[in-house]
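Here are the chains, one letter per residue:
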Amino acid sequence: MSHSPESKTAEVPDWDAQYRLSRPPWESGVAAGELVRVLDEGLLRPSTTLELGCGTGADAVCLAQHGFDVTAVESSPTALERARGRAQAQGALIQFVLDDVFEFGRTCGPFELVYDAGFYHFMRQTDLERLLDLLWRVTRPGSYYFVLAGSTGETAEGGPPQVSEDDLRMELGRLFQFVHLRPCRMESPRRARGYLAWSCLMQRPDLGV
Ligand SMILES: C[S@@+](CC[C@H](N)C(=O)[O-])C[C@H]1O[C@@H](n2cnc3c(N)ncnc32)[C@H](O)[C@@H]1O
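Residues numbered from 1 in each chain as written. Predicted model: local features only at pLDDT ≥ 70, side-chain atom pairs only at ≥ 80, totals over all residues. Heavy atoms only, no water.

Asker: For the environment of leucine 132, give the residues involved together with the corresponding values.
Answerer: One can find leucine 132 in helix α6 (residues 120-138). C-alpha of leucine 132 to C-alpha of leucine 207: the two residues are 75 residues apart in sequence and 18 Å apart in space. Apart from residues lying up to four places away in sequence, leucine 132 is in contact with Glu171, Leu172, Arg174 and Leu175. (Helix = DSSP H or I, 4+ residues; strand = E, 2+ residues; numbered from the N terminus. Contact = heavy atoms within 4.5 Å.)

This is the structure:
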């Protein structure tokens with residue numbers, strides 16, 4: 001599948017088929033460079049972490065290797081099987097959950113960090129309110145939400161859905177305060193220089209009530 005362009009009528013992809021039939025365009029096989037950068041900068045401290053749509057697990061493994069207590073949820077059985085294999089091969093302890101994260105989020109406890117590479121930029125097209133409801137349930141005041149999302153600003157045939165800064169601020173600013181919002185690149189096996197993206201670190205405010 002190509003990453004679909006932004007569209008309010010976007011079809012829900014058959015996620016598992018993307019993994020079974022080909023190598024998806026987001027499947028770089030290594031941890032996101034921007035995640036590694038943020039960890040190297042010490043912007044995130046080891047904490048209980050929920051990853052939304054972990055794919056084949058390279059970022060979950062990276063977080064676990066940096067001391068994070070990771071719960072990684074994924075609805076594609078094929079992707080999750082590969083993620084488990086990757087974690088085992090690299091000796092990373094991760095709680096993997098094969099589930100619809102919207103269902104999982106109804107019963108799991110709040111996390112100190114929610115991490116999402118490429119989940120928000122798809123879900124906002126069809127399920128923004130549901131995603132915000134999920135984020136509210138799985139965080140508490142003081143929790144962080146770190147998102148990597150495709151950005152407007154370059155013509156990128158076959159790239160990820162693109163989100164403008166204004167839309168991102170308006171949508172996620174309903175729940176979170178922005179700690180940083182900066183451009184980065186998202187790696188892809190289809191394009192050596194990757195795609196323009198947002199690195200967005202947010203914190204849920206403590207309103208003191
Ligand atoms: C764009 S991919 C990103 C995967 C991974 N984060 C990465 O960067 O390689 C989005 C992922 O979310 C998963 N996904 C989509 N809807 C989901 C849902 N409702 N619950 C759990 N995972 C879901 C898909 O199967 C897919 O692996």
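Asker: Quick rundown of the nonpolar core? Include the residues and the values.
Answerer: Counting residues in hydrophobic clusters, the biggest one holds 31 residues, and the most contacted among them are Leu52, Tyr120, Leu131, Leu135, Tyr145 and Leu172. Taken together, the elements giving at least two residues each to this core come down to β1 (48-52), α5 (101-104), α6, β5 (144-150), α7 (165-172) and β7 (191-203). Residue contributions to this core peak at eight residues, all from α6. With residues near it in sequence (within four places) discarded, leucine 52 still touches Val73, Val101, Val114, Tyr115, Asp116, Phe119, Leu131, Leu134, Leu135 and Tyr145. Within the second largest apolar cluster, 28 residues are counted, among which are Leu44, Leu63, Ala72 and Ala92. (Core = buried A, V, L, I, M, F, W, Y, C linked by side-chain atoms within 4.5 Å. Buried < 20%, exposed > 50% of the residue type's maximum accessible area, 1.4 Å probe, protein only.)

Asker: I'd like a description of helix α2 (residues 33-40), backed by residues and values.
Answerer: Those residues of α2 not exposed but buried are Gly33, Glu34, Leu35, Val38 and Leu39. Those residues of α2 that are buried lie in contact with α3 (58-65), β4 (113-117), β5, β6 (177-188) and β7. A positive backbone phi angle near 70° is found at glycine 42, which sits one or two residues after α2.

Asker: Explain the packing of aromatic side chains residue by residue, including any values.
Answerer: Under the definition given, this model contains seven aromatic pairs. Judged by centre distance (5.0 Å) and plane angle (90°), the rings of tryptophan 15 and phenylalanine 122 are edge-to-face. In this pair, tryptophan 15 sits in helix α1 (residues 15-21) while phenylalanine 122 sits in helix α6, placing the two residues 107 residues apart along the sequence. Residue classification places phenylalanine 122 among the buried positions, given a relative accessible area of 7%. With a centroid separation of 6.0 Å and 40° between ring planes, the pair formed by phenylalanine 102 and phenylalanine 119 is classed as tilted. (Phe/Tyr/Trp six-rings, centres within 6.5 Å; stacked < 30°, edge-to-face > 60°.)

Asker: Give me the environment of glutamine 90: which residues, what numbers.
Answerer: Along the polypeptide, glutamine 90 turns up in the loop between α4 (77-89) and β3 (95-98). With 28 residues separating them in the primary sequence, glutamine 90 and cysteine 62 have C-alpha atoms 9.7 Å apart. Other than its neighbours up to four places away in sequence, glutamine 90 contacts Val61 and Gln65. Among the polar contacts listed, one links the side chain of glutamine 90 to the side chain of glutamine 65, at a separation of 3.4 Å. (Polar contact = N/O pair within 3.5 Å; in protein donor to acceptor, adjacent residues only side chain to side chain.)

Asker: Describe α6, with residues and values.
Answerer: In this model α6 runs just 15 Å from its N-terminal to its C-terminal C-alpha over 19 residues, more than 12% under the 27 Å that 1.5 Å per residue would give. Along α6, the helix axis deviates most sharply at aspartate 127, where the bend reaches about 120°. (Expected span 1.5 Å × (residues − 1). Bend = angle between axes of the 7 residues up to and from the residue.)

Asker: How would you summarise the site of the ligand if you had to cite specific residues and measurements?
Answerer: As a structural note, the neighbourhood of the ligand is formed by 19 residues, with Tyr19, Gly53, Glu74, Val101 and Ala117 the closest of them. One nitrogen or oxygen atom from the main chain of glycine 53 is found 2.8 Å from a nitrogen atom belonging to the ligand. (Near = heavy atom within 4 Å.)

Asker: An account of the packing of α2 against α3 is needed here, citing residue identities and associated values.
Answerer: Across the interface, α2 lies against α3 with an axial gap of 10 Å and an inter-helix angle of 15°. Here α3 runs roughly parallel to α2, going by the angle between their axes. Of the two elements, α2 crosses α3, and the hand of that crossing is right-handed. Contacts between α2 and α3 involve Leu35, Val36 and Leu39 from the former and Asp59, Cys62 and Leu63 from the latter. Of the residues belonging to the contact of α2 with α3, the class tally is five nonpolar, no polar and one charged. (Axes fitted to C-alpha atoms, helices over the stretch in contact; angles between N-to-C directions. Parallel < 35°, antiparallel > 145°, perpendicular 65-115°, else oblique. Left-handed = near helix turned anticlockwise from the far one by under 90°. Nonpolar A, V, L, I, M, F, W, Y, C, P; charged D, E, K, R; others polar.)

Asker: Explain the sheet that holds strand β2 (residues 69-74) residue by residue, including any values.
Answerer: Ordered in space as β3-β2-β1-β4-β5-β7-β6, the seven strands form an open sheet in which the pairing is mixed. What marks the edges here is a single partner per strand, and that holds for β3 and β6. Each adjacent strand pair in this sheet contributes to an overall mean axis angle of 20°, direction not counted. Summarising the sheet, β2 and β3 pair through four bridges and their orientation is parallel. Its bridge partner being in β3, glutamate 74 is matched across the sheet by leucine 98. Against the sheet, α3 makes contact with β1, β2 and β4, and its axis sits at roughly 170° relative to β2, the strand it touches most. The strands touched by α4 are β2 and β3; relative to β3, the strand with the most contacts, the crossing angle is about 165°. (Pairing = 2+ DSSP bridges.)

Purely geometric numbers; function is a separate question.
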